[in-house]
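# Structural features, examined
Letter by letter, the chains look like this.
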Amino acid sequence: MIKNRYFWLRIQIIMTLIRKRKITLRKVANAAYCYLAYFLRLKKSAATPYVMNFELWNECNEACVFCRDAKGKIYDQNPETPDGVISKGKMPLELYYKIIDEVKSSLLMSIPYINGEPLIFHKLEDAIRYSTQRNVATMIASNGILLTKSRSQSLLEAGLDFIKVHVSGFTQEVHHIQHRRGNVESIKKNIRDLVEVNKTGKYGALVLIDYILYQHNQHELDKFRAFADELGVKFNVRPGNPKGMESSEKPQTNEPLPVDLACNWLWSAMSINWDGTMMPCCEYAVSSTRSPHGKFDMNGTSLKEVWNGNKAAAMRNIHTKTGRRNIEICSRCPRKGMAFKWKQEGGKGLKIVSRVCLRK
């Protein structure tokens, strides 16, 4: 029964993209080759990644405890330089357009956010619309603060396919423990308006409420689940990051880090920082020790060449031969790959958790 939930969610995603004509045989073949290259541990993957994250702007209006300080400074995730500076900036839309044009025939999904709140970027709809016009699916994750009814309308009109809104409490008192800013009652109203606009306009976007689970908010989990059921939207539960709350929150897992496991991100996905830096995954956007594959520019850099270039191939080779232990960022990463994962909720079974760039 639990597996059927996962199966039908995956089918719903696929059917949504088929209905919107955003899946082609070429894209399916490219994604299949990515997985085949991973399983065979080839140094080169398919022609392009089948999923890409883009950091259009890494500013945020929520300042979550685990991510930033109260003034919005992004924490350096490198434990050796905790006071390091992670630069902020905006990606020129022309750079986004150029990359999309290069990979549009094989890219299945563009995810225009990494570490910031995507709705702060006032030209987000332009990026989504450009992808839609080129039959590339789009997904965003938002804190819901700026998700007004008019903004929902413009996002859906631009062709947004998939949106998840993260919360960590049904009441303001509890939600505010993790999220320093934003009012959860306003966020709930915004979610209602989003669902209404999506339904009345027959846009067919998938809407998910992403509940970030901690010990301090588990007693309000069922209230938000009931809220999601009332609206008829998907409800996900995922473990929260206890950074900054170590005195009150236990680690989410005691399992050892998967240092022996090669990560399939290296064969399937790529992240582009706001300055054009091409990175293996979204964790590189918040670490001062990053060693990117390259940097995209407007004067001839080919993403395809970098994707299967020497640096990318060397990193895949390291993962194949020695796992993650010899790459600093990878060695401390608890994630097992780019997929859906499951969370045990006591006696209530497993819930699906989206794992595409969990920084949100």
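Below is a short write-up of the structure. Counting restarts for each chain: residues are numbered from 1 in the order of the written sequence. Only residues with pLDDT of at least 70 are given local features in this predicted model, and only at 80 or more are side-chain atom pairs given and counted; all residues enter the totals for whole chains, interfaces and linings. The side-chain numbers reported here are obtained from all heavy atoms of the structure, hydrogens and water having been left aside.

## Topic: the overall build of the protein chain
Secondary structure elements follow DSSP: runs of H or I of four or more residues count as helices, runs of E of two or more count as strands, with numbering from the N terminus. In terms of helices and strands, the protein chain carries twelve helices and eleven strands. Put simply, the radius of gyration uses C-alpha atoms, and a globule should come to 2.2 Å times the residue count raised to 0.38. For 360 residues, the compact-globule formula gives about 21 Å, and the C-alpha radius of gyration of the protein chain, at 19 Å, lands near that figure. Taken along the three principal axes of its C-alpha coordinates, the protein chain extends 50 × 45 × 45 Å. The contact criterion used is simple: two residues touch if any of their non-hydrogen atoms lie within 4.5 Å. Pairs at least 24 apart in sequence give 72% of the contacts found in the protein chain among residues at least 6 apart. Carbon and sulfur atoms provide 56% of the accessible area of the protein chain, an area that totals close to 15,800 Å². Only the protein chains shown count as covering a residue, and every accessible area follows the Shrake-Rupley method with a 1.4 Å probe.

## Brief notes about a nonpolar patch on the surface
Together, Y33, L36, L40 and L42 make up a nonpolar patch on the protein surface, roughly 360 Å² of accessible area in all. Locating Y33 in the fold gives a position in helix α2 (residues 25-40). A relative accessible area of 40% places Y33 in the partly exposed class. In this scheme, patches are assembled from residues that exceed 30% relative accessible area and form no salt bridge. Like charges are connected within 9 Å, while nonpolar side chains (Val, Leu, Ile, Met, Phe, Trp, Tyr) are connected within 5 Å. Whenever Lys or Arg places a side-chain nitrogen within 4 Å of a carboxyl oxygen from Asp or Glu, that contact is recorded as a salt bridge. For every residue, the accessible area obtained with a 1.4 Å probe (protein chains only) is divided by the maximum for its type, and the residue is called buried under 20%, exposed over 50%, and partly exposed between those limits.

## Structural notes on α2
To estimate the expected span of a helix, count its residues, drop one, and scale the result by 1.5 Å. Here α2 spans 22 Å end to end across 16 residues, near enough to the 22 Å set by a 1.5 Å rise per residue. The set of residues buried in α2 consists of K27, N30, A31, C34, A37 and Y38. Along α2, the residues classed as buried sweep out an arc of 120° about the axis, all on the same side. Among the exposed residues of α2, those oriented more than 90 degrees off its buried face are L25, F39 and L40. Residues of α2 that are buried in the fold lie against α9 (265-268). R41 occupies a position one or two residues after α2 and carries a positive phi of about 55°. Here the arc refers to the set of directions running from the helix axis out to each C-beta atom.

## Quick look at unusual backbone geometry
A positive phi angle is found at A63, which is not glycine, with a value near 55°. Relative to the helices and strands, A63 resides in the loop between β1 (51-54) and α3 (93-103). The backbone of N135 sits at a positive phi, close to 60°, despite the residue not being glycine. Structurally, the position occupied by N135 is in the loop between α4 (124-133) and β3 (137-142).

## With respect to the nonpolar core
Residues F54, I209, F224, I272 and L303 are the most contacted members of the largest nonpolar core, which totals 70 residues. The contacts of L303, once residues within four sequence positions are left out, are P49, M52, I99, E102, V103, M270, I272, M278 and F296. Counting 18 residues, the second-largest nonpolar core is a separate cluster that includes Y38, L266, C281 and Y284. Only buried residues count toward a nonpolar core, which is a set of Ala, Val, Leu, Ile, Met, Phe, Trp, Tyr and Cys residues joined through side-chain atoms within 4.5 Å.

## Side note on the pattern of salt bridges
What the rule picks out here adds up to 17 salt bridges. For R68, the salt bridge goes to E59, with nearest N and O atoms at 3.7 Å. Residue E59 is classed as partly exposed on the basis of its relative accessible area of 21%. Where K189 meets D193, a salt bridge forms, and the shortest distance between an N and an O atom there is 2.8 Å. Of the two residues, K189 and D193 both sit in helix α7 (residues 184-200), four residues apart, roughly one turn of that helix. Here D193 falls in the buried class, since its relative accessible area comes to 10%. Several salt bridges converge on common partners, so that one network encompasses K20, K22 and D161.

## Comments concerning the environment of K43
With respect to the helices, strands and loops of the structure, K43 is situated in the loop between α2 and β1. Not counting residues up to four positions away in its chain, the partners in contact with K43 are A313, R316 and N317.

## Some remarks on the packing of aromatic side chains
The relative placement of two aromatic rings is captured by the distance of their centres and the angle of their planes. Whether two aromatic rings pair depends on their centres lying within 6.5 Å, for rings of Phe, Tyr and Trp, where Trp uses its six-membered ring; planes under 30 degrees apart make the pair stacked, over 60 edge-to-face, and the rest tilted. As enumerated under the stated definition, the model contains eleven aromatic pairs in all. Centroid distance Y38 to W267: 5.3 Å. Interplanar angle 65°. Geometry classified as edge-to-face. Taken together, the residues Y38 in helix α2 and W267 in helix α9 connect sequence positions 229 residues apart. Overall, the relative accessible area of 9% leaves Y38 in the buried class.

## A word on the pairing of strand β6 (residues 234-239)
Sheet topology places strand β5 (residues 206-213) next to β6; six bridges connect them, and they run parallel. Note that in β6 the partner of I209 across the bridge is F235. A right-handed crossover is one whose linking path, passing over the helix from the first strand to the second, runs clockwise when the strands point away from the viewer. Handedness of the crossover is the feature at issue here: the chain leaves β5, passes through helix α8 (residues 221-231), returns alongside β6, and the resulting connection is right-handed. Only strands joined by at least two bridges in the DSSP assignment are considered to pair.

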